[in-house]
Amino acid sequence: DVKVTQSSRYLVKRTGEKVFLECVQDMDHENMFWYRQDPGLGLRLIYFSYDVKMKEKGDIPEGYSVSREKKERFSLILESASTNQTSMYLCASSSPGGSNEKLFFGSGTQLSVL
Amino acid sequence: AQTVTQSQPEMSVQEAETVTLSCTYDTSENNYYLFWYKQPPSRQMILVIRQEAYKQQNATENRFSVNFQKAAKSFSLKISDSQLGDTAMYFCAFILQPYSGGGADGLTFGKGTHLIIQP
């Protein structure tokens, strides 16, 4: 069964801390994504990667960076966490092809920045 | 840029009733996919149904069906014989197709509709 695993389900951090959110997929997918989910705003794309060491900005990349050193792992980094980054973070992966539309999602990390 | 609009923040129906969730989108492109995702309280996103824009026939998956009106840029989800387990957030989503040079564009999501099925 396909699996996208996010390392933490809940995370509490302090303002100014450097935060790493980890995501691992076991499907050998080329494409990986980080979304942020907020009530009333839906899911918004932060960053995505279509290959190792490649990254592309999504709609709301400010305050975030990413790392893709290995194909199976895609990390989201908050260099200096702020309270407005309190949110649910969802990782997803997919494999390109003629219909690259099926995303496999992790269970999300609820991040609270105090 | 593409946009997806879900105008119903919350809906509530009785078990066994039929419910329709609305979604409109805006794009100047002709080739794309549309989706409905379900997110139950477990937070796991589940693909409910997908529709290719070039197909005129509406997609159907068991109790779930869509009404795809390409000219009107409308993509509604109908759930028949609703069940308690259908209680969830439902997101409409869009992606352009095809993809160039191996690059991947993420899905564009609507803001979601919270569907509550009452016993």
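Here, every reference points to the structure presented above.
Residues numbered from 1 in each chain as written. Chains lettered and ligands numbered in written order. Predicted model: local features only at pLDDT ≥ 70, side-chain atom pairs only at ≥ 80, totals over all residues. Heavy atoms only, no water.

Peer 1: Looking at this structure, how should I read the overall build of chain A?
Peer 2: Each helix and strand counted, chain A has zero helices and twelve strands in total. Each helix (α) and strand (β) of chain A, taken in turn from the N terminus, gives the series β-β-β-β-β-β-β-β-β-β-β-β. Here the C-alpha atoms of chain A give a radius of gyration of 13 Å, agreeing with the 13 Å that 2.2 N^0.38 yields for 114 residues. With respect to the three principal axes, the spread of C-alpha positions in chain A is 40 × 30 × 25 Å. In chain A, once contacts between residues fewer than 6 apart in sequence are set aside, the share between residues at least 24 apart is 55%. As presented, chain A carries roughly 5400 Å² of accessible surface, and 49% of it is formed by carbon and sulfur atoms. In chain A, which carries 15 positive and 15 negative side-chain charges, the distance between the mean positions of the two groups comes to 5 Å. (Helix = DSSP H or I, 4+ residues; strand = E, 2+ residues; numbered from the N terminus. Rg over C-alpha atoms; globule rule 2.2 N^0.38 Å. Contact = heavy atoms within 4.5 Å. Areas by Shrake-Rupley, 256 points an atom, 1.4 Å probe, with all protein chains shown as cover. Lys, Arg positive; Asp, Glu negative; His and termini not counted. Charge placed at Lys NZ, Arg CZ, Asp CG, Glu CD.)

Peer 1: Even after reading the chapter, I still don't get the pairing of strand β6 (residues 42-49) of chain A, so can you show me in this structure?
Peer 2: On a regular strand, one side chain projects to one face of the sheet and the next to the other, so that they alternate. Residues and elements named next belong to chain A. Here β6 lies mainly inside the structure; seven of its eight residues are buried. Strand direction decides the pairing type here: β6 and strand β7 (residues 56-57), joined by two bridges, are antiparallel. The residue of β7 that forms the bridge with Phe-48 is Glu-56. The antiparallel hairpin formed by β6 and β7 contains six residues in its connecting segment, where Lys-53 sits at a positive phi of about 65 degrees. (Buried < 20%, exposed > 50% of the residue type's maximum accessible area, 1.4 Å probe, protein only. Pairing = 2+ DSSP bridges.)

Peer 1: I tried to follow the interface of chain B and chain A on my own but got confused; where do I start?
Peer 2: A common way to state how big an interface is: give the accessible area lost once the parts meet. Taken together, the contact between chain B and chain A spans 23 residues of the former and 28 residues of the latter. Of the roughly 2000 Å² buried at the junction of chain B and chain A (both faces included), carbon and sulfur atoms supply 53%. Linking chain B with chain A are zero salt bridges. If you list the elements that add at least two residues to the side of chain B that touches chain A, you get β5 (32-39), β6 (46-52) and β10 (88-96) of chain B. Tallying contributions element by element places β5 of chain B first for the side of chain B that touches chain A, with four residues. Split by residue class, the side of chain B that touches chain A holds eleven nonpolar, eight polar and four charged. (Buried area = accessible area lost by both parts, 1.4 Å probe. Salt bridge = Lys/Arg side-chain N within 4 Å of Asp/Glu carboxyl O. Nonpolar A, V, L, I, M, F, W, Y, C, P; charged D, E, K, R; others polar.)

Peer 1: Got a minute to help me understand the side chain of Gln-51 of chain B in this structure?
Peer 2: All names here are of chain B. Mapped onto the fold, Gln-51 is located in strand β6. Classification of Gln-51 by relative accessible area gives buried; the value is 1%. Polar contacts involving the side chain of Gln-51 include one to the main-chain carbonyl oxygen of Lys-55, which spans 3.2 Å. Apart from residues no more than four positions distant in its own chain, Gln-51 is found in contact with Tyr-32, Tyr-33, Leu-34, Gln-57, Asn-58, Ala-59, Val-66, Phe-68 and Phe-75. (Polar contact = N/O pair within 3.5 Å; in protein donor to acceptor, adjacent residues only side chain to side chain.)

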